[in-house]
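# What the coordinates show
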Amino acid sequence: MARKSFPILKQLIQQSTNRSFTSTASPRAVTLIPGDGVGPLVTDAVEQVMKAMKAPVYFDRYEVRGDMKCMPEEVMDSIKKNKVCLKGGLMTPVGGGVSSLNVQMRKELDLYASIVHCFTLPGLPTRHKDVDIVVIRENTEGEYAGLEHEVVPGVVESLKVITKYCSERIAKFAFEYADVNKRKKVTAVHKANIMKLADGLFLESCREVAAKYPEIQYEEIIVDNCCMQLVSKPEQFDVMVTPNLYGNLIANTTAGLAGGTGVMPGGNVGTDQAVFEQGASAGNVGNEKILKLKKANPVALLLSSAMMLRHLEFPSFADRLETAVRCVIAEGKFRTKDVGGDSTTQEVVDAIIAAVD
């Protein structure tokens, strides 16, 4: 099995060596889904900052609600055409047979890799210092395959699907990410001691890929021990590669260690399209109090939009945006309640716009 290059990785994370803050490139269209609850508030924050920076992007806006039965065809067509989407949170109804639009989108667009970069921001108080963990999660199968049925009344069967193809693909992505970013270690998270065939296949795939990257340290850890190790000694982890469900849990736990979901960027990428959104679960998307007071934290989506700018090959704009966000966080004057302040979304946005050089 030959090593494979993933150009999207360099687009997503590469720091700009060109400090020119103007672009002669043609503006790029981005599909925008404001989403539910506080989603429109934080996506509006991104639009304001992009306009202030004169970033070479414009948005095709579509209204989508999490309680819709399926993603509107015109929205999917727009994403396929533009190849890039920025979205706010979509609430998935609990129970009731309504499937998640987020999962539908990942499957239809084959957004097989979720990337959540959990890192401590200077000036933001956290229980652990110097957290810098990248969680790379397989995004299309596992428990999220949605294969459930009632065998007999009172007995439900839910199938976990793990394939060699998807496991190998996500492992390759994780190791290539580590290689491109000069990361030293990849840790595979599993439960193969119990799910010997399913998680065993995932581990087998990771081991085969790891053999092609001898310069990168490879480790394996059982998911329950991983959770304990994360909250006690997170500094031991670097890049983590996981099946679908474990990755969701690990990313949210790690985000909590590094300042909360309100400051963690993320993206879902495939071969042809990419969707950028808050990195860890948007638990406050339906918080009526936050929405009424207009105090949702825009930082996670702003940092996700910086990832988007790199993906679009506008790295200097991404650098400017990230630098402005870090300056405002470090200064500590304008922060929303979830990170120790009492500012409104707009006050944080105004401060970030003022900090953009």
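Relevant structure appears above.
Residues numbered from 1 in each chain as written. Predicted model: local features only at pLDDT ≥ 70, side-chain atom pairs only at ≥ 80, totals over all residues. Heavy atoms only, no water.

## Thoughts on the overall build of the protein
Our working definition: Strands here mean DSSP runs of E at least two residues long; helices mean DSSP runs of H or I at least four residues long; both are numbered from the N terminus. Within these notes, the globule rule equals 2.2 Å times the number of residues to the 0.38 power, and the radius of gyration is based on C-alpha atoms. Here's how the labels work: a residue is buried when its accessible area is under 20% of the maximum for its type, exposed when over 50%, partly exposed in between, all with a 1.4 Å probe on protein chains only.
Within the protein one finds 12 helices and 12 strands. Taken against the 2.2 N^0.38 rule, which gives 21 Å for 357 residues, the C-alpha radius of gyration of the protein at 20 Å falls within 12% of a compact globule. Principal axes of the C-alpha set define a box for the protein whose edges measure 55 × 50 × 40 Å. Among the 357 residues that make up the protein, the fraction classed as buried is 54%.

## Brief notes about the pattern of salt bridges
Spelled out, the test is: Each salt bridge in this description consists of a side-chain nitrogen of Lys or Arg and a carboxyl oxygen of Asp or Glu lying within 4 Å of one another.
Inspection of every chain in the model, using the stated rule, returns 19 salt bridges. Between arginine 61 and glutamate 63 there is a salt bridge, and its shortest N-O distance comes to 3.2 Å. In this structure, a network of salt bridges that share partners links the residues Glu47, Arg61 and Glu63.

## A closer look at helix 7 (residues 223-232)
Each α-helix winds once per 3.6 residues, and so residues spaced three or four apart point in a common direction. Stated formally: In this description, one arc is meant: the one made by directions from the helix axis to the C-beta atoms. For this analysis, residues touch if any pair of their heavy atoms sits within 4.5 Å.
Those residues of helix 7 not exposed but buried are Val223, Cys226, Gln229 and Leu230. Angularly, the buried residues of helix 7 cover 110 degrees about the axis, an arc narrow enough to put them on a single face. The inward-facing, buried residues of helix 7 contact strand 5 (132-138), strand 8 (185-190), strand 9 (217-222), strand 10 (239-242) and helix 8 (244-257).

## What to know about the nonpolar core
Formally: Nonpolar core, defined: a set of buried Ala, Val, Leu, Ile, Met, Phe, Trp, Tyr and Cys residues in which side-chain atoms within 4.5 Å join the residues together.
Formed by 91 residues in total, the largest nonpolar core has its most connected members in Met50, Met53, Val57, Leu86, Leu309, Leu321 and Ile352. In this view, methionine 53 contacts Leu309, Phe317, Arg320, Leu321 and Val356; residues no more than four positions away in its chain are not counted. The next biggest cluster of nonpolar side chains, apart from the first, holds 14 residues, and it includes Met76, Leu90, Leu111 and Val275.

## What about the pairing of strand 2 (residues 57-61)?
We count it as follows: At least two bridges found by DSSP between two strands are what make those strands a pair. For crossovers, right-handed means that the path from the first strand over the helix to the second runs clockwise, given strands pointing away from the viewer.
Two elements, strand 1 (residues 28-33) and strand 2, share 5 bridges in a ladder whose sense is parallel. Bridge pairing in strand 2 places leucine 32 opposite arginine 61. Handedness of the strand 1-helix 2 (residues 39-53)-strand 2 crossover: right-handed.

Functional significance is not addressed by these values, which are geometric in nature.
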